[in-house]
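Residue-level listing of the chains:
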Amino acid sequence: MRKLIVSSSPHITSPKTTRAIMLDVIIALSCPLVASVLIFGFYPLFLALLAAGTAVLTEFLYCKARKKPSTVDDLSAVVTGLILALCLPPVVPFYVPMVGAVFAIAIVKMLFGGIGRNFANPAASGRIFLMLCWPLIMNSFLAPVKLGDGFASLFDNFKYIVTFDIAATTTATTAATPLASLGNADWLKLFLGDIAGSAGEVSAIAILIGCIYLIVRKVIDWKTPLVTVLSAAVFSLAFYQDIEYVLPSLLSGGLLFGAVYMATDYATSPNTAVGTIIYAAGIGMTTMIIRKFGSPAEGMALAIVLMNIATPLLDKYIKPRPFGYRKEKKPKLRKAKEANA
Amino acid sequence: MRTFFRGIHPKDRKERTAGCALEKMPAPDKLYVNLAQHAGAPAEAVVAVGDSVKCGTLIGRAQGFISANVHSPVSGKVTALVKQPSASGIKTLHVEIENDGLYDEDFLPPLENPAKEDILARVKDAGIAGMGGAAFPLFVKLSPKETIDTLIVNGVECEPYITCDYRIMLERTEEVARGIALVKAASGAANAIIGIEANKAEAAKKLAAVLPPDIKVVLLKTKYPQGAEKQLIYALTRRRVPAGGLPAAVGVTVLNIQTALAVCEAVEKGRPPIMRAVTVSGGGVEHAGNYYVYTGTPYKFIYDNLKGNAEEDAVAKILSGGPMMGMAQSDLSASVVKGTSALLFLTDAEISERPMTQCINCASCHKCCPMNLMPMVFESLYEQGEFASVKAAGVLNCIECGACSYVCPAKRPLVQVIRLTKKTIKEKGI
């Protein structure tokens, strides 16, 4: 008999590994990715691959530089890159997603200890960083390309690969996002994604398909997206006091995308059920506050990062009570005084 | 269908042995009977080298309140008293008995229509200890300070691979039912409930047909750790055993199926538990199945008997007990005790060894914890040496079911660290 393995129980583990989880997220992300190709052509796909590649390379080089074993095979860098690219406007110069990916991976993720240790969502932080670097580019949304215009039109946007000159673009190609003109939106267009907006954020149906996949595979907790959307709906109604505004504000501006793919990030969301509900409700509320009183396009990313920062507090003060635990009765003040005397 | 909070769904892998009827395994020429085969103080040897013994002769007497008598499984001669490792790896005193092959019996007198006190005395004399794995002396469970109103019988068998209790329920249905009735009478409980997982519905049906009306059978959801005491009590009665407390605190006592059978045999035939049903399975044995094995039978004997044509080098891990809570063996020198439910010879493919990576903070361990604990918080506090904080966070409530380590996508050794933490807290008196 060969040398036996002796270890402490359990002796079997579930096949679900970090890599398997990340692979599931990539599969779910492919839904909005495909939608973005159908809506804006191949350029967003090119940006997504560029961002994912840069993210992986950054993590690999970081590990090399720190003389640590490479962690890229857990695929989490790919996820970060894809999410970052999908929440950018569909047409930005090639260096924008690259800079964002380097910031997200090197600064937000790896400097704080890598996977599971980051204090804020790398993709959301990356987006905010890019917003601060190139505010004009980050706020220019192109109108969707029409599939009916022929296959070649899907490659149209590659002409902006190096420079995206705002001044040179006519009003015919840039378009206002529904967020800027709430209330006039066509609901079906909003649902399918035939609107201007960030690459992966426009098609609600694609995001929802990905969301259902992640919930069925038990990768994400259904509470986070549901509570985020409900809370956003409530605050949208409170701020605009018009029921017509509720659906457009939920279906546009990256709220759904953020609720499904960014708010559910494990490391930066609370561990307990109660904490998760407060966190998700906080995201919905903060998003609506920023949209109402601040910059509409940044609402979701900022709200997520703000609630990420609140997560350690939520985990500190909301502690699960062990099964069968009974709260000890505090001794009554008078009795305690008598005991002291 | 009733169940407890959370838990996990490992593949049950019972299909290979669930259909195997119980067979009797012959006794080896030499048996090593462990004198510390129950929870609590080891029994004191009452035989000396050279003494002859019969099946059922008392060889170890209970010492102290939490302890149990030990009896000789075969007839023959005591050839040595040796200190050797038991399945847990801890060295304990074993009585080496040379089997003369005659199987002369020296049982206790059978009892007819026993009163409550007679049953209790018999449970104590026969040294019956819980046969589900923990081997807690039954006499102690039946004589708590609190009054017991409900007796719960654990027919859950939630560990993968193990099917011996299932076969006992199918094949010894009436004796099990009589045993439960006897324990119910001895405990003074008004109700008795048998909890059985839904994947053993056939056994539940068979038992329900022979049980008196005051004993109920309840089907439970198939989920691990359904058979853990506190979870089983909650699933069946909605009572929560207080943290740090025993089932008696909520008026319940829990009994395993094979323990019920042992009580029946001890009362009706005077026969102490010198043999038990053991599931032998895994890719490393050809003749997997359920066997009646004498206590004191070395694992080596079982392996040699059942290995068949299976590849010897294919065995990667040998487990005494199930894959979730069983003990890995470094060799085959340990022997069967009252609490041995399974002996598994697992191949590389069956034991999934996966590399450990960094915690991703997914809280899966918390979300599956039947005790609602935070294993990943315990682990990081352990790494920081913050034992007082871990204790305050409730680590002592852990039932060590291993669900957290099972689900962890980063394959962190969570329950293993919790065991270390509990040990350190105990040793340092924090």
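Residues numbered from 1 in each chain as written. Chains lettered and ligands numbered in written order. Predicted model: local features only at pLDDT ≥ 70, side-chain atom pairs only at ≥ 80, totals over all residues. Heavy atoms only, no water.

Chemist: When you look at the overall build of chain B in this model, what are you seeing that I'm missing?
Modeler: Counting secondary structure elements, chain B contains 14 helices and 17 strands. Its C-alpha atoms give chain B a radius of gyration of 21 Å, within 12% of the compact-globule value 22 Å for 430 residues. Taking the principal axes of the C-alpha coordinates as reference, chain B spans close to 60 × 50 × 45 Å. Expressed as a percentage of the 430 residues in chain B, the buried residues total 60%. Per element, the accessible surface of chain B, about 16400 Å² overall, is 52% carbon and sulfur. Within chain B, one finds 49 positive and 44 negative side-chain charges whose respective centroids are separated by 8 Å. (Helix = DSSP H or I, 4+ residues; strand = E, 2+ residues; numbered from the N terminus. Rg over C-alpha atoms; globule rule 2.2 N^0.38 Å. Buried < 20%, exposed > 50% of the residue type's maximum accessible area, 1.4 Å probe, protein only. Areas by Shrake-Rupley, 256 points an atom, 1.4 Å probe, with all protein chains shown as cover. Lys, Arg positive; Asp, Glu negative; His and termini not counted. Charge placed at Lys NZ, Arg CZ, Asp CG, Glu CD.)

Chemist: Looking at this structure, how should I read the layout of surface pockets?
Modeler: Where empty space is left can be seen by rolling a probe of water-molecule size over the atoms. Within this model, the second largest pocket holds a volume of roughly 1100 Å³. Taken together, 32 residues line the second largest pocket, and the ones lying closest to its centre are A:Lys16, A:Arg217, A:Lys218, B:Ser364 and B:Lys367. Looking at the lining of the second largest pocket, the elements with two or more residues in it are helix H1 (18-40) and helix H8 (204-216) of chain A together with helix H10 (364-368) and helix H13 (403-407) of chain B. For the lining of the second largest pocket, the element with the most residues is H10(B), which contributes four residues. Grouping the constituent residues of the lining of the second largest pocket by class yields 16 nonpolar, seven polar and nine charged. (1 Å grid on protein atoms, 1.4 Å probe; cavity = no way out; pocket = protein on both sides within 12 Å on 5 of 7 lines; lining within 4 Å. Points joined across faces, edges and corners; volume = space filled by probe spheres on them. Nonpolar A, V, L, I, M, F, W, Y, C, P; charged D, E, K, R; others polar.)

Chemist: Would you mind going over the side chain of B:His38 with me for this structure?
Modeler: All names here are of chain B. With respect to the element layout, His38 can be found in the loop between strand S2 (30-34) and strand S3 (44-45). On the accessibility criterion, His38 (7% relative accessible area) is buried. A distance of 2.9 Å separates the side chain of His38 from the backbone oxygen of Ala41, its partner in a polar contact. At 3.4 Å, the side chain of His38 forms a polar contact with the side chain of Ser67. Discounting residues that sit within four places of it in the chain, His38 has contacts with Ala43, Ser67, Ala68, Val70, Ala129 and Ala135. (Polar contact = N/O pair within 3.5 Å; in protein donor to acceptor, adjacent residues only side chain to side chain. Contact = heavy atoms within 4.5 Å.)

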